[in-house]
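Given next are the chains, with one letter for each unit.
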Amino acid sequence: MSLHLQSTESGRLRHLLTLEGLPRETLVALLDRAQAFVDHGGAADPRTALAGTAVCTLFFEASTRTRLSFQRAAQRLGADVLGFDASTSSTSKGESALDTLRTIEAMGVRGFIVRQREDGGAARLAAAAQPGTAVVNAGDGRSAHPTQGLLDVLTLRQAKGADFARLKVAIVGDIRHSRVARSELHALRTLGIGEIRACGPAGLLPGDATLDGCGVGDDLDAALDGVDAVFMLRLQRERMAEGLVPSLEEYHRDYGLTAARLRRAAPDAVVLHPGPMNRGVEISDEVADGPQSMVLRQVANGVAVRMAVLEALLA
Amino acid sequence: MSLHLQSTESGRLRHLLTLEGLPRETLVALLDRAQAFVDHGGAADPRTALAGTAVCTLFFEASTRTRLSFQRAAQRLGADVLGFDASTSSTSKGESALDTLRTIEAMGVRGFIVRQREDGGAARLAAAAQPGTAVVNAGDGRSAHPTQGLLDVLTLRQAKGADFARLKVAIVGDIRHSRVARSELHALRTLGIGEIRACGPAGLLPGDATLDGCGVGDDLDAALDGVDAVFMLRLQRERMAEGLVPSLEEYHRDYGLTAARLRRAAPDAVVLHPGPMNRGVEISDEVADGPQSMVLRQVANGVAVRMAVLEALLA
Amino acid sequence: MSLHLQSTESGRLRHLLTLEGLPRETLVALLDRAQAFVDHGGAADPRTALAGTAVCTLFFEASTRTRLSFQRAAQRLGADVLGFDASTSSTSKGESALDTLRTIEAMGVRGFIVRQREDGGAARLAAAAQPGTAVVNAGDGRSAHPTQGLLDVLTLRQAKGADFARLKVAIVGDIRHSRVARSELHALRTLGIGEIRACGPAGLLPGDATLDGCGVGDDLDAALDGVDAVFMLRLQRERMAEGLVPSLEEYHRDYGLTAARLRRAAPDAVVLHPGPMNRGVEISDEVADGPQSMVLRQVANGVAVRMAVLEALLA
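- Going by an unreviewed UniProt entry, chain A carries the name Aspartate carbamoyltransferase and comes from Luteimonas granuli.
- Note on chain A: under the UniProt heading Function (unreviewed entry), the record states "Catalyzes the condensation of carbamoyl phosphate and aspartate to form carbamoyl aspartate and inorganic phosphate, the committed step in the de novo pyrimidine nucleotide biosynthesis pathway."
- As stated in UniProt under Catalytic activity (unreviewed entry), the record for chain A gives "carbamoyl phosphate + L-aspartate = N-carbamoyl-L-aspartate + phosphate + H(+)".

### Regarding the overall build of chain A
Point 1. Summing up its helical and strand segments, chain A has 13 helices and 9 strands in all.
Point 2. Over its C-alpha atoms chain A spans a radius of gyration of 19 Å, differing by no more than 12% from the 20 Å that the globule rule assigns to 315 residues.
Point 3. Pairs at least 24 residues apart make up 76% of the contacts formed inside chain A by residues separated by at least 6 positions.
Point 4. As displayed, chain A offers around 11,200 Å² of accessible surface, 49% of which is attributable to carbon and sulfur atoms.
Point 5. Within chain A, one finds 35 positive and 38 negative side-chain charges whose respective centroids are separated by 4 Å.

### Quick look at the relation of the copies chain A and chain B
Point 1. Once chain A has been moved 0.0 Å along the axis and rotated by 120°, it coincides with chain B to within an RMSD of 0.0 Å. Those values place the two copies in the arrangement expected of a three-fold rotation axis.

### Let's talk about the interface of chain C and chain A
Point 1. Taken together, the contacts link 18 residues of chain C with 22 residues of chain A.
Point 2. The tally of links between chain C and chain A comes to 2 salt bridges.
Point 3. Of the charged contacts in the structure, one is a salt bridge between Arg279 of chain A and Asp99 of chain C, with a shortest N-O distance of 2.6 Å.
Point 4. Summed over the shared surface of chain C and chain A, the number is 5 residue pairs in polar contact (both at pLDDT 80 or more).
Point 5. Taken together, the residues of the side of chain C that touches chain A sort by class into 7 nonpolar, 6 polar and 5 charged.

### Digging into unusual backbone geometry
Point 1. Residue Gly275 of chain A is joined to Pro276 of chain A through a cis peptide bond whose omega torsion reads -10°.
Point 2. Here Pro276 of chain A is to be found in the loop between strand S9 (270-272) and helix H12 (285-288).

### A word on the packing of helix H4 (residues 97-106) of chain A against helix H5 (residues 121-128) of chain A
Geometry of a packed helix pair, given as the angle between the helix axes and the separation of the axes.
All names here are of chain A.
Point 1. Close contact between H4 and H5 brings their axes to 10 Å; oriented N to C, the two are set at 50°. Taken as axis vectors, H4 and H5 run oblique relative to one another. Pair H4 / H5 crosses with right-handed handedness. Only Arg124, Leu125 and Ala128 of H5 make contact with H4, whose side of the interface consists of Ala97, Leu98, Leu101 and Arg102.
Point 2. The class makeup of the residues in the contact of H4 with H5 is 5 nonpolar, no polar and 2 charged.

### Some details on the domain arrangement of chain A
Residue and element names in this part refer to chain A.
Point 1. Domain boundaries in chain A define domain 1 (2-144 + 299-314) and domain 2 (146-298).
Point 2. Relative placement of domain 1 and domain 2: their C-alpha centres are 25 Å apart.
Point 3. The interface is formed by 35 residues belonging to domain 1 together with 29 residues belonging to domain 2.
Point 4. With both sides pooled, the region where domain 1 packs onto domain 2 buries about 2,600 Å², and carbon together with sulfur makes up 58% of that total.
Point 5. Taken together, domain 1 and domain 2 are joined by 2 salt bridges.
Point 6. Between Arg157 and Asp32 there is a salt bridge, with the nearest N and O atoms lying 2.9 Å from each other.
Point 7. If you look at where domain 1 meets domain 2, you find 18 residue pairs in polar contact (both at pLDDT 80 or more).
Point 8. Contributing elements (two or more residues each) for the side of domain 1 that touches domain 2: helix H2 (24-40), helix H3 (64-76), strand S3 (109-116), strand S4 (134-140) and helix H13 (295-314).
Point 9. Tallied by class, the residues present in the side of domain 1 that touches domain 2 amount to 17 nonpolar, 9 polar and 9 charged.

### Re the pairing of strand S6 (residues 195-199) of chain A
Residues and elements named next belong to chain A.
Point 1. In terms of burial, S6 is largely enclosed, as 4 of its 5 residues are buried.
Point 2. Where strand S5 (residues 168-172) meets S6, 5 bridges bridge the pair, whose relative direction is parallel. Bridge pairing links Val169 to Ile196 in S6.
Point 3. In this view, the connection linking S5 to its parallel neighbour S6 by way of helix H7 (residues 179-190) has right-handed handedness.
Point 4. Pairing of S6 with strand S7 (residues 215-217) involves 3 bridges; the strand directions are parallel. Following the sheet pairing, Cys199 is matched in S7 by Gly217.

Reading the values: rules and limits
Residues numbered from 1 in each chain as written. Chains lettered and ligands numbered in written order. Predicted model: local features only at pLDDT ≥ 70, side-chain atom pairs only at ≥ 80, totals over all residues. Heavy atoms only, no water. UniProt positions renumbered as here; feature names shortened; annotations may be inferred. Helix = DSSP H or I, 4+ residues; strand = E, 2+ residues; numbered from the N terminus. Rg over C-alpha atoms; globule rule 2.2 N^0.38 Å. Contact = heavy atoms within 4.5 Å. Areas by Shrake-Rupley, 256 points an atom, 1.4 Å probe, with all protein chains shown as cover. Lys, Arg positive; Asp, Glu negative; His and termini not counted. Charge placed at Lys NZ, Arg CZ, Asp CG, Glu CD. Least-squares fit on C-alpha atoms with pLDDT ≥ 70 in both. Salt bridge = Lys/Arg side-chain N within 4 Å of Asp/Glu carboxyl O. Polar contact = N/O pair within 3.5 Å; in protein donor to acceptor, adjacent residues only side chain to side chain. Nonpolar A, V, L, I, M, F, W, Y, C, P; charged D, E, K, R; others polar. Axes fitted to C-alpha atoms, helices over the stretch in contact; angles between N-to-C directions. Parallel < 35°, antiparallel > 145°, perpendicular 65-115°, else oblique. Left-handed = near helix turned anticlockwise from the far one by under 90°. Domains from an automatic or database assignment. Buried area = accessible area lost by both parts, 1.4 Å probe. Buried < 20%, exposed > 50% of the residue type's maximum accessible area, 1.4 Å probe, protein only. Pairing = 2+ DSSP bridges. Right-handed = clockwise from strand over helix to strand, strands pointing away.

Pasting the structure below:
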């Protein structure tokens, strides 16, 4: 459903719900446009691109950093931003997400940045939207977080160049529950990545086709050997309560990225993390703040990628 | 008090606190201006009308849709918007609503959009405001919600034309506790509506003069017979706890607007609802989403009406 | 640390963390610029001064009025404003304030308005900020609230002229726990105030060097005798639970500023209060709303002072 919804017949992107099946040329065009925004910096803000256009952050799950990043992207394009926070809203009066979208849409809002707890939540809203309304999935359940996937491959491209076929990368942590991992996997495959190694404790690896074609294992040292990039994932603390992880200490011992471990990767390997980081759990301070860490560059790229997406959908 | 506060000696509107007693020509001028905003759409935003002017949404009761609608209206006029949410504010430190208004007013804010739990809450703030400050009542207790009344009659006028004398309408539901109903009644009477029928369970009908001149009854089928428009009201779930309504199921059976019931109205009758809707309670999905439903047009008209009001008070 | 952080080698202000040690000419320049903003009013907003620049209100402690004042100041300078409210943010996911600042900074935000519960909280963030990023302390623990101190002395200067050497002032209330008092004291001393009298119950007076050079006592009548200005402080209600104040009634009897008491001051003495006021506790309604009250003028000056600070740091 998502793929059909995303594209109009002319091939123009209508929504951005997932990176799965997104044509390579569309993905590369978004990265190229984002790179242009990075290169121009704040001084050359294309303030008029979305002047008079209203977008709404429609968050049914709290996420300050993603919301602020989209808000900043919209501001830099000159859009008006409305914020809807489900915790204080009329959804507590029993209104459905669908009625909320339709209502705000009727106010003349043309772009929705949607965060949902449920898989497929953004696609369901997109399916109900009027022609001319665009939905960006800012994370739905375990399924997808496409702008995170885009900003991660943009960061990798900046560090390692566009020839992904010669690159080896590792994805480490709770892949099973991670929409970030799924969007990263889609983007990396679309760009023809040479090799993907997935690593995590057995209980946090997906049982479905998510990792088809990847090397899969639970030995971090082996997974890191010679890779050009490490995509670390955030460990949600509820995994402990669910019995999927014994303790933070054990997790850190077995799957935490430390400086010593990172030396197994290629000497110029880069480390990515979607944030917020659990320092001392999946990543040590030394790595998080070290020269190979791309964490803050990812954040900066996030604004640029979201500008490119909003412009592509709404301008 | 409200009427005196609303007008300056020159007859210009100073605040908008209630539609009760608002001169017909003032009300019609607001509708005409709102219609012009509807006709021009988003492309012709009069961005400079309120440029440099700050307005504040001062909400002592949560209401996302009303707040967003006013916010969008202010944005389209080029105003700066500040938001005050009483749940996280210094009112929790014991500051009164009056001191809050005076403080934000001293920051140079000229327009206040006020939502209050108490009847007369907006008028009390208006009475204390400095010359040059305008207060818009965005709902106070059971008393008034004037912009909702305006957007409802604008919607009716779009559907049925300006000759209200030949129209029959029904207002259905919890009229007793409804500021929306009171503002609708004031607007309909000012515009010379032909006939108003009020319908609801006895415990939800007002005992005061609210319905003077209306046909009043508890038989929905009779109330709908041949009407040109049905104004449905939201059922607050706390009415059950208060013993005023036996159950949602019984309420729906007796007062829910279904497609079968709607056929008793005129064939081209329109259905209005202030939202958020309790689907399956006061209105069925079929009606809510059907061709006679004006619900989303009401929302669109709401932004236009609020633009007209803010412009009239502040430009 | 703060002094070093505040200034670049060129003497230009980089952050504003405290008024302690701020050179007199820097302080006076900020007041003069703020006065120019007051004189021009809203009509001559220098909308372009910070156009394209993003600032973030980063509040780890709720404060609606301070947040709105900074937001309005930023709007009047044409800046984009992002809001971070710690209560709904990823700090609840365990992210540190430092990682939060770095993340939002990486989004291209250049100014941070920081409210922290901990003493030195803003300075710690400033120490970690990138070159080109400015931090304004909007209140940290008991230490400093520099823009409040600035707006208070601007208000005093408007009322009494710039020759502070001939002025006697009293500071009354919970000085021990007050960042407002500390910033007022720094500003008054820097401007060469003639005499400062500090007054409050013994348990609410600081034991450190805060009041060096001040007359100190617990007799309000004596403290008020002939002063040109009274700086009242807010009584936090938790002081009762801590046993530092017996009851609101006794506090009002001994330290509440009433019209009768105010007559002990000079006939044209002015009264300042940072707000929100506890009416009937530290200040009576008659004084709060009387002709000698500067409370609302302080609020208006607050926006102007914050414009001057943001412009000095970011333009």
